[in-house]
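Remarks on the overall topology
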Amino acid sequence: MNIKTILNAFLILIFSFSYGQTKKLKIYTDERIELLNVIQYLSNYPILNKSESLEYKKEIEIFFKDFKNHNAVSLNKKVYRNFLGFDRAVNYILHYDLPNFNVNSEFNNDELQNLNALESRDSLNLIRNEFKDFYEKSNFHLFFKNHSNFYKKINKSTIAELNNQNVISILEKHYGIKNNSYSIILAPLLHDGGYEVDIENAKGKNLYAIIGPISDNINKTPVFDTQNILSEYVIHEFSHSFCNPIIDQYFDKLKQSECLLNPIESKIKLQGYKGWKTCLYEHLVRANEIVLNEIVFGKPKSDKLYNEMINDGWIYLAGMVPIIKDEYLKNRNVYKTENEIMTLIVKYLETEKKNCH
């Protein structure tokens, strides 16, 4: 084997290793999310970015000035509370491919129930047809194409920041589960926060974290909190996909501790959360978020998050974090996935239930 062959083999090995670290993670702006957010913006949807200085908003006003009364906009005003609010809208639009609005994966029963379409899909087809009509008649693709450099610009710093950390391998190793793909979608019109949705197809589960820019930005261009996107959004949002099914699986046992919601209900409601199951989702996600932040960023960052979350009302982290750190992580030869420590979490909450009044 000559030196050139050896060098080529070495370069292929290095490339394969590097690509293997990040090939599951994509960071981009998605045309479907932009279409959804533009329709929402034109319909005065209340849960979008509040920054008044974004030039992007002014460009939307100009380009779509003749479509403010389009049926898609009027329809969204009427149905967003029951059909297209919050993550439901994101889940809905990601089930379709542009430009033809063909379904890329079937809606499962849980998704149909969330969209109030379990018994009839007529409403979903009506929304799809009106969105498609808006897309075609407004020449939305031209608007999206004209902003390609803008999207690249807002994505650039986030791509650089996230590629410094091998977060997907860390997540999959931590939870003991692999998924087909992971996408971080930066949405310039979205509120200061994010959504996480899963779309399952023949290849497996595909995870999407849709993230908005800083809301108090005074610049004309959206600014994304690249330093905290990884710790506070990506780890948190993707963890929902791993944690929520575990809570669902054990909820018959966990709901017996529902009285534990009472002392924290008012605090978490102020943050937009309600119900014992949602409370459990957030507790398990946040417990893992704290542990994962210690792995990636170190103990000071993890301790800061822990204290903030406890002060915000997530008080059962006091018992759940030690179970993950001292039992799960130190005994991975025994516990392959987090499902296997849920009996310990159920037991902890049953013990805490004795303090219910």
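Residues numbered from 1 in each chain as written. Predicted model: local features only at pLDDT ≥ 70, side-chain atom pairs only at ≥ 80, totals over all residues. Heavy atoms only, no water.

**Some thoughts on helix α9 (residues 148-162)**
Over its 15 residues, α9 extends 21 Å from the first C-alpha to the last, a length consistent with the 21 Å expected when each residue adds 1.5 Å. When the local axis directions of α9 are compared, the greatest deviation, roughly 35°, occurs at asparagine 155. Taken residue by residue, α9 has Phe150, Tyr151, Ile154, Asn155, Thr158 and Leu162 as its buried positions. Check the buried side of α9 and you find it contacts β1 (25-28), α2 (31-42), α3 (55-63), α8 (140-146), β4 (181-186) and α11 (226-254). (Helix = DSSP H or I, 4+ residues; strand = E, 2+ residues; numbered from the N terminus. Expected span 1.5 Å × (residues − 1). Bend = angle between axes of the 7 residues up to and from the residue. Buried < 20%, exposed > 50% of the residue type's maximum accessible area, 1.4 Å probe, protein only. Contact = heavy atoms within 4.5 Å.)

**Describing the layout of surface pockets**
If you add up the space inside the largest pocket, you get close to 2,200 Å³. Those elements that place two or more of their residues in the lining of the largest pocket are α5 (86-93), α6 (109-114), β5 (194-201), α11, α13 (276-297) and α14 (299-311). For the lining of the largest pocket, the residue count by class is 12 nonpolar, 15 polar and 21 charged. Mapped onto the lining of the second largest pocket, the elements with two or more residues apiece are β5 and β6 (204-211). Looking at the lining of the second largest pocket residue by residue, the classes come out as 3 nonpolar, 6 polar and 3 charged. (1 Å grid on protein atoms, 1.4 Å probe; cavity = no way out; pocket = protein on both sides within 12 Å on 5 of 7 lines; lining within 4 Å. Points joined across faces, edges and corners; volume = space filled by probe spheres on them. Nonpolar A, V, L, I, M, F, W, Y, C, P; charged D, E, K, R; others polar.)

**Quick word on unusual backbone geometry**
The omega torsion across leucine 98 and proline 99 is 10°, close enough to zero to call that bond cis. One non-glycine residue with positive phi stands out, namely phenylalanine 101, at about 60°. Assignment of secondary structure puts phenylalanine 101 in the loop between β2 (96-97) and β3 (102-103). Given a relative accessible area of 1%, phenylalanine 101 falls into the buried group.

**Let's talk about the side chain of histidine 283**
Mapped onto the elements of the fold, histidine 283 is located in helix α13. Once residues lying within four places of it in the same chain are set aside, the contact partners of histidine 283 are Ile264, Trp314, Ile315, Tyr316, Leu317 and Met320.

**Thoughts on the confidence of the model for the protein**
Overall, the predicted model of the protein reaches an average pLDDT of 88, with 93% of residues at or above 70. Mean pLDDT across the secondary structure elements of the protein bottoms out at helix α1 (residues 3-22), with 37, and peaks at α8, with 98. Every residue in residues 1-22 is under pLDDT 50, and counting partners more than four places away or in other chains gives 4 contacts. (pLDDT = per-residue confidence, 0-100.)

**Brief notes about the nonpolar core**
Within the largest apolar cluster, 110 residues are counted, with the highest numbers of intra-cluster contacts made by Leu94, Phe134, Ile210 and Phe238. If you tally residues by element for this core, the top one is α11, at 13 residues. In this view, leucine 94 contacts Asp30, Arg32, Ile33, Asn104, Ile185, Val197, Ile199, Tyr208 and Ile210; residues no more than four positions away in its chain are not counted. (Core = buried A, V, L, I, M, F, W, Y, C linked by side-chain atoms within 4.5 Å.)

**Some words on the sheet that holds β1**
Strand pairing in a sheet takes place through backbone hydrogen bonds and is either antiparallel or parallel in direction. Strand order in the open sheet formed by 4 strands is β1-β4-β6-β5, with mixed pairing between adjacent strands. Edge strands, defined here as strands with exactly one partner in the open sheet, are β1 and β5. Going from strand to strand, the sheet's axes swing by 20° on average, the running direction of each strand aside. Each of β5 and β6 is contacted by α5, which is oriented at about 35° to β5, the strand it contacts most. (Pairing = 2+ DSSP bridges. Axes fitted to C-alpha atoms, helices over the stretch in contact; angles between N-to-C directions.)

**Section: the packing of aromatic side chains**
The tally for this structure, following the rule as stated, stands at 21 aromatic pairs. Measuring from ring centre to ring centre gives 6.2 Å for tyrosine 56 and tyrosine 151, while their planes differ by 80°; the resulting arrangement is edge-to-face. In this pair, tyrosine 56 is assigned in helix α3 and tyrosine 151 in helix α9, connecting sequence segments 95 residues apart. For the pair shown, tyrosine 56 and tyrosine 151 are each scored as buried. The interplanar angle of 5° and the centroid separation of 4.4 Å between the aromatic rings of tyrosine 175 and phenylalanine 242 together place this pair among those described as stacked. Here tyrosine 175 is found in helix α10 (residues 167-175), whereas its partner phenylalanine 242 is found in helix α11, with 67 residues between them in sequence. We note lysine 277 situated over the ring of phenylalanine 251; from NZ or CZ to the ring centre the distance is 4.7 Å. (Phe/Tyr/Trp six-rings, centres within 6.5 Å; stacked < 30°, edge-to-face > 60°. Lys NZ or Arg CZ within 6 Å of the ring centre and 35° of its normal.)

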